[in-house]
Amino acid sequence: MQSHTGVIDILPALPRGWTRGSARGLRCRGGLAVDVSWQEGEVSVLLRRLSGDASEFVPVSIGGEVTEVVVSDVVEVRGRVSC
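Below: a short report on this structure.

Here we look at the overall build of the protein chain
For the protein chain, the helix and strand inventory stands at zero helices and seven strands. Element order for the protein chain, N to C, with α for helix and β for strand: β-β-β-β-β-β-β. Radius of gyration (C-alpha) of the protein chain: 12 Å, near the 12 Å computed for a compact globule of 83 residues. Taken along its principal axes, the extent of the C-alpha atoms in the protein chain is 35 × 20 × 20 Å. As displayed, the protein chain has an accessible area near 5000 Å², and 46% of this comes from carbon and sulfur atoms. Side-chain charges of the protein chain comprise 9 positive and 10 negative groups, with the mean position of each set lying 7 Å from the other.

A closer look at the sheet that holds strand β4 (residues 42–49)
Here four strands make up an open sheet; going across it, the order is β2-β3-β4-β7 and the pairing antiparallel. Strands with a single pairing partner mark the edges of an open sheet, and in this sheet they are β2 (20–28) and β7 (74–80). Neighbour-to-neighbour, the strand axes of the sheet open up by a mean angle of 15°, direction not taken into account. Pairing geometry for strand β3 (residues 32–39) and β4, over eight bridges, is antiparallel. Opposite Asp35, over in β4, you have Leu46 as the bridge partner.

A short note on the sheet that holds strand β5 (residues 57–62)
Spatial ordering of the open sheet is given by β1-β5-β6, a layout of three strands whose pairing is mixed. For this open sheet the edge positions go to β1 (8–10) and β6 (65–70), each flanked by a neighbour on one side alone. Shown here is a sheet whose adjacent strand axes are inclined to one another by a mean of 25°, direction ignored.

Considerations on unusual backbone geometry
Even without being a glycine, Leu11 presents a positive backbone phi close to 50°. Take Leu11: it is sitting in the loop between β1 and β2. With a relative accessible area of 16%, Leu11 lands in the buried category. Phi at Glu40 takes a positive value of approximately 50°, unusual for a residue other than glycine. Tracing the backbone shows Glu40 in the loop between β3 and β4. A relative accessible area of 45% places Glu40 in the partly exposed class.

Some details on the environment of Pro12
On the secondary structure map, Pro12 appears in the loop between β1 and β2. With residues up to four places along the chain from it excluded, the contact list for Pro12 reads Met1 and Gln2.

Quick notes on the rules
- Residues numbered from 1 in each chain as written.
- Predicted model: local features only at pLDDT ≥ 70, side-chain atom pairs only at ≥ 80, totals over all residues.
- Heavy atoms only, no water.
- Helix = DSSP H or I, 4+ residues; strand = E, 2+ residues; numbered from the N terminus.
- Rg over C-alpha atoms; globule rule 2.2 N^0.38 Å.
- Areas by Shrake-Rupley, 256 points an atom, 1.4 Å probe, with all protein chains shown as cover.
- Lys, Arg positive; Asp, Glu negative; His and termini not counted.
- Charge placed at Lys NZ, Arg CZ, Asp CG, Glu CD.
- Pairing = 2+ DSSP bridges.
- Axes fitted to C-alpha atoms, helices over the stretch in contact; angles between N-to-C directions.
- Buried < 20%, exposed > 50% of the residue type's maximum accessible area, 1.4 Å probe, protein only.
- Contact = heavy atoms within 4.5 Å.

Okay, here's the thing in structure tokens:
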């Protein structure tokens, strides 16, 4: 996960052999925690607000597709990546 460009980029460099996996409690800019799991290209992301502005839009990129969400508490975002 990367967040230094203002977009939370999920699994931007996933190795081809990693067809399934998960990570929990990743911290990113904007006061958010991220849990991510993936299997056969299907990705599920849970974003939790830890601090910061709960009304701002947060751009999340999965496989190059960007979705903007408001994370006031917990939000799930789904997408696909190549693996």
